[in-house]
Amino acid sequence: MGPPRHPSAPGGRASLGPPPDVDRERSGAVKIALFITCLADALFPDVGRACVTVLERLGHTVEFPHRQTCCGQMHVNTGYQRDALPLVERFAEVFAPYDAVVVPSGSCVGSVRHQHEMVAERFGTPALVERVRAVAAKTYELSELLVDVLGVTDVGAYFPHRVTYHPTCHSLRMLRVGDRPTRLLQAVEALELVELPDAEQCCGFGGTFAVKNADTSTAMLGDKMRNVAATGAEICTAGDSSCLMHIGGGLSRLRAGAKTVHLAQILAATRDQPAPVPGPAGAAR
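Conventions and cut-offs
Residues numbered from 1 in each chain as written. Predicted model: local features only at pLDDT ≥ 70, side-chain atom pairs only at ≥ 80, totals over all residues. Heavy atoms only, no water. Helix = DSSP H or I, 4+ residues; strand = E, 2+ residues; numbered from the N terminus. Buried < 20%, exposed > 50% of the residue type's maximum accessible area, 1.4 Å probe, protein only. Contact = heavy atoms within 4.5 Å. Pairing = 2+ DSSP bridges. Axes fitted to C-alpha atoms, helices over the stretch in contact; angles between N-to-C directions. Core = buried A, V, L, I, M, F, W, Y, C linked by side-chain atoms within 4.5 Å. Parallel < 35°, antiparallel > 145°, perpendicular 65-115°, else oblique. Nonpolar A, V, L, I, M, F, W, Y, C, P; charged D, E, K, R; others polar. pLDDT = per-residue confidence, 0-100. Polar contact = N/O pair within 3.5 Å; in protein donor to acceptor, adjacent residues only side chain to side chain. Phe/Tyr/Trp six-rings, centres within 6.5 Å; stacked < 30°, edge-to-face > 60°. Salt bridge = Lys/Arg side-chain N within 4 Å of Asp/Glu carboxyl O.

Let's talk about the environment of Ser143
Link 1 in the chain: Its place among the elements puts Ser143 in helix H8 (residues 142-149).
Link 2 in the chain: For Ser143, a relative accessible area of 0% translates into the label buried.
Link 3 in the chain: In this structure the C-alpha to C-alpha distance between Ser143 and Gly178, which are 35 residues apart in sequence, comes to 9.8 Å.
Link 4 in the chain: Ignoring any residue separated from it by four or fewer positions in sequence, one finds Ser143 in contact with Asp148, Val177, Arg180, Pro181, Leu184 and Leu263.

What follows is the structure, given as structure tokens:
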């Protein structure tokens, strides 16, 4: 089976498959690299650790390349495309040796798949374009890697909470992850999954959008928080720490009761090692 067809390819919906040299029958371990992302590295390192926990539990090897840097999304999104070139070059170089790259962020995977080739074509060389394409084809958001490449939905998790899922914009519209995250959540022991009203509406974060358009962002966040509250869920989860930071900050200011936990942390939780759920003061409990 060849490399995946991404959403930008003819035919619309992504048809993801294993990267080259990955055995879909799972007869052997897959050599996976973790791309931590800037936000997880600086603010939410436990999300990266949770990704490793889940994948190692399934018998795969996960490495953390220390030479990794930002994917360059922030530069491209704010108009500094040429300045993103060294970051695009670094990403292609660092992650080339691996069978697959896992990322706990649909936003950053969207950048790797949809922005890196554009930057390489405009400011790089034909050789860089080919390297970028090869690495992008094996870079996956966590739920994609688990469901499409490794072929699992039940990862042995236990999470006895009422949970609602927010599909983040990049995972929904750029990656088209569809029901992959909810299939994973439905397989978690003791988890009660409740549907989020108007789930496909943006939470209002959008990176610098929340700063440049604060009033609009706040209004969008208000809608999202009302919908989360309507579910009666204890936990709102998603595949992007950035959106969870935005939603969680709003919920904490309202003292709404619901908390935010990344999808990876729910999947990493077991009876013996439960996920840390934020308490009223923001500390884990």
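Regarding the environment of Val163
Link 1 in the chain: Relative to the elements of secondary structure, Val163 occurs in strand E5 (residues 162-165).
Link 2 in the chain: With residues near it in sequence (within four places) discarded, Val163 still touches Leu191, Glu192, Leu193, Val194, Ala233, Ile235, Thr237 and Ile266.

Description of the sheet that holds strand E7 (residues 235-238)
The pairing of strands in a sheet comes from backbone hydrogen bonds and takes either a parallel or an antiparallel form.
Link 1 in the chain: Ordered by their spatial adjacency, four strands build an open sheet running E6-E5-E7-E8, and the pairing between neighbours is parallel. Edge strands, defined here as strands with exactly one partner in the open sheet, are strand E6 (192-194) and strand E8 (259-262). For this sheet, the mean angle separating the axes of adjacent strands, direction not counted, is 35 degrees.
Link 2 in the chain: Lying over the sheet, helix H13 (residues 241-254) contacts E7 and E8, oriented at roughly 165 degrees with respect to E8.

With respect to the nonpolar core
Link 1 in the chain: Counting residues in hydrophobic clusters, the biggest one holds 56 residues, and the most contacted among them are Leu145, Leu146, Phe159, Ile266 and Leu267.
Link 2 in the chain: Those residues within four positions of Leu145 in sequence are excluded, and the remaining contacts are Ile32, Leu55, Ala100, Val102, Tyr140 and Leu150.
Link 3 in the chain: By size, the runner-up hydrophobic cluster in this structure holds 13 residues, among which are Leu196, Ala210, Val228 and Ile247.

Here we look at the packing of helix H12 (residues 214-231) against H13
Link 1 in the chain: Running from N to C, H12 and H13 point in directions that differ by 75 degrees, and their axes come no closer than 10 Å. Classified by the angle their axes make, H12 and H13 are roughly perpendicular. For the pair H12 and H13, contact is made by Ser217, Leu221, Lys224, Met225 and Val228 and by His246, Ile247, Gly250, Leu251, Arg253 and Leu254, respectively.
Link 2 in the chain: A class-by-class count of the residues in the contact of H12 with H13 yields six nonpolar, three polar and two charged.

A look at the confidence of the model for the protein
Link 1 in the chain: For the protein, mean pLDDT is 86; residues scoring 70 or higher make up 87% of the total.
Link 2 in the chain: Contacts for the low-pLDDT stretch residues 1-27, under 50 throughout, to residues beyond four places or in other chains number 60 contacts.
Link 3 in the chain: Ignoring residues within four places in sequence, the model shows residues 280-285, a span with pLDDT below 50, making eleven contacts including any to other chains.

Considerations on helix H5 (residues 106-114)
Link 1 in the chain: A large share of H5 lies buried, amounting to eight of its nine residues.
Link 2 in the chain: Its side-chain oxygen 3.3 Å from the backbone nitrogen of Ser107, Ser105 forms the N-cap of H5.

Describing the packing of aromatic side chains
Link 1 in the chain: This structure, assessed with the given rule, holds three aromatic pairs.
Link 2 in the chain: Ring centres of Phe35 and Phe95 lie 5.8 Å apart, and the angle between their planes is 85 degrees; this geometry places the pair in the edge-to-face category. Of this pair, Phe35 sits in the loop between strand E1 (31-34) and helix H1 (38-42) while Phe95 is found in helix H4 (residues 81-95), placing the two residues 60 residues apart along the sequence. Of the two residues examined, Phe35 and Phe95, each falls in the buried class.
Link 3 in the chain: Ring geometry for Phe91 and Phe95: centres 4.5 Å apart, planes at 40 degrees, overall tilted. With a gap of four residues between them, Phe91 and Phe95 both fall in helix H4, about one helical turn apart.
Link 4 in the chain: The exposure class of Phe91 is buried, given its relative accessible area of 3%.

Section: the environment of Thr69
Link 1 in the chain: One can find Thr69 in the loop between strand E2 (61-63) and helix H3 (73-77).
Link 2 in the chain: Among the residues examined, Thr69 registers a relative accessible area of 32% and is labelled partly exposed.
Link 3 in the chain: Separated by 34 residues in sequence, Thr69 and Phe35 have C-alpha atoms that sit 8.7 Å apart.
Link 4 in the chain: When near neighbours in sequence (up to four residues on either side) are disregarded, Thr69 contacts Phe35, Leu87 and Arg90.

Observations concerning unusual backbone geometry
Link 1 in the chain: The backbone phi angle of Arg176 is positive, close to 55 degrees, even though this residue is not glycine.
Link 2 in the chain: Position of Arg176 among the secondary structure elements: in the loop between helix H9 (169-175) and helix H10 (180-186).
Link 3 in the chain: Here Asp198, not a glycine, exhibits a phi torsion of approximately 50 degrees, which is positive.
Link 4 in the chain: The residue Asp198 is located in the loop between E6 and helix H11 (209-212) in this model.

Quick notes on the pattern of salt bridges
Close approach of charged atoms allows side chains of opposite charge to pair.
Link 1 in the chain: Here the structure, examined in full by the defined rule, presents eleven salt bridges.
Link 2 in the chain: The residue Arg162 makes a salt bridge to Glu192 at a minimum N-O spacing of 2.5 Å. Placement of the pair is Arg162 in strand E5 and Glu192 in strand E6, with a sequence separation of 30 residues.
Link 3 in the chain: Each member of the salt-bridge network shares a partner with another, and the members are Glu117, Glu121, Glu130 and Arg133.

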